[in-house]
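What follows is the residue order along each chain.
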Amino acid sequence: MEPDRFSEHVNELRERGMQETPVDATRKYAQGLSYPANKETVVQVLQRNGAPDDVIQAVRDADKPRWVAPSDLVITLRRMI
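Quick notes on the rules
Numbering of residues begins from 1 in every chain and follows the order in which that chain's sequence is written. Local features in this predicted model are restricted to residues of pLDDT 70 or higher, and side-chain atom pairs are both shown and tallied only at a pLDDT of 80 or more, whereas totals for entire chains, interfaces and linings draw on every residue. Working from all heavy atoms in the structure, the side-chain values ignore hydrogens and water. Note on conventions: DSSP H or I runs of at least 4 residues are helices, E runs of at least 2 residues are strands, and numbering of each starts at the N terminus. By definition, residues are in contact when any of their heavy atoms lie within 4.5 Å. Axes here mean lines fitted to C-alpha atoms, for a helix over just the part in contact, with angles spanning 0 to 180 degrees between N-to-C directions. What sets the label is the angle itself: under 35 degrees gives roughly parallel, over 145 gives roughly antiparallel, 65 to 115 gives roughly perpendicular, and the rest give oblique. Note on convention: the crossing is left-handed when the near helix lies turned anticlockwise from the far helix by less than a right angle, right-handed when the turn is clockwise. Gly falls in the polar group here, along with every residue not listed as nonpolar (Ala, Val, Leu, Ile, Met, Phe, Trp, Tyr, Cys, Pro) or charged (Asp, Glu, Lys, Arg). Throughout this description, the term salt bridge denotes a Lys or Arg side-chain nitrogen within 4 Å of a carboxyl oxygen of Asp or Glu. Put simply, a nonpolar core is a bunch of buried Ala, Val, Leu, Ile, Met, Phe, Trp, Tyr and Cys residues held in one set by side-chain atoms that sit within 4.5 Å of each other. Type-normalised accessible area, obtained with a 1.4 Å probe on protein chains alone, sets the label of each residue: buried when under 20%, exposed when over 50%, and partly exposed for intermediate values.

A. Spotlight on the side chain of Thr76. As for its placement among the helices and strands, Thr76 is situated in helix 5 (residues 70–78). Excluding its chain neighbours within four sequence positions, the residues that come into contact with Thr76 are Ala58, Val59, Ala62, Lys64 and Trp67.

B. Spotlight on the packing of helix 2 (residues 22–29) against helix 5. The interhelical angle for the contact between helix 2 and helix 5, taken along N-to-C directions, is 130 degrees, at an axis separation of 8 Å. Between helix 2 and helix 5, the angle falls in the class oblique. In terms of crossing hand, the pair formed by helix 2 and helix 5 is right-handed. Contacts between helix 2 and helix 5 involve Pro22, Val23, Ala25 and Thr26 from the first element and Pro70, Leu73, Val74, Leu77 and Arg78 from the second. Per-class residue counts for the contact of helix 2 with helix 5 are seven nonpolar, one polar and one charged.

C. Just the environment of Ala51, in detail. Note on placement: Ala51 falls in the loop between helix 3 (39–48) and helix 4 (53–61). Spatially, the C-alpha atoms of Ala51 and Ala25 are 7.8 Å apart, while their sequence positions differ by 26 residues. If near-sequence neighbours (up to four positions away) are discounted, Ala51 is found in contact with Tyr29, Leu46 and Ile56.

D. Spotlight on the pattern of salt bridges. Scanning the entire structure with this criterion turns up one salt bridge. A salt bridge links Lys28 to Glu20; the nearest nitrogen and oxygen atoms lie 3.3 Å apart.

E. The arrangement of the nonpolar core in detail. Residues Val42, Leu46, Val59 and Leu73 are the most contacted members of the largest nonpolar core, which totals 18 residues. Only helix 2, helix 3, helix 4 and helix 5 provide two or more residues apiece to this core. Beyond its immediate chain neighbours, meaning those up to four positions away, Leu46 contacts Tyr29, Ala30, Ala51, Val55, Ile56 and Val59.

F. Representation of unusual backbone geometry within the structure. With an omega of -5 degrees, the peptide bond between Tyr35 and Pro36 qualifies as cis. Within the fold, Pro36 resides in the loop between helix 2 and strand 1 (37–38).

Given below as structure tokens:
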């Protein structure tokens, strides 16, 4: 994503009430997560790290049984936007 488009995207997220981008949320709430990880493990780590309900729900609603890298989680969280 181009720098200007990224800034626009972040501003759109903030207007919708989101204070964190999917990348920020992954860095903050997935700390300590070992990849690959199944859905149950991802949810447990997110809960332990204090993730907001919408972040946890995005993982629960995902059609993905496991995440193999942090970038997979970022993609999942982008879909909740």
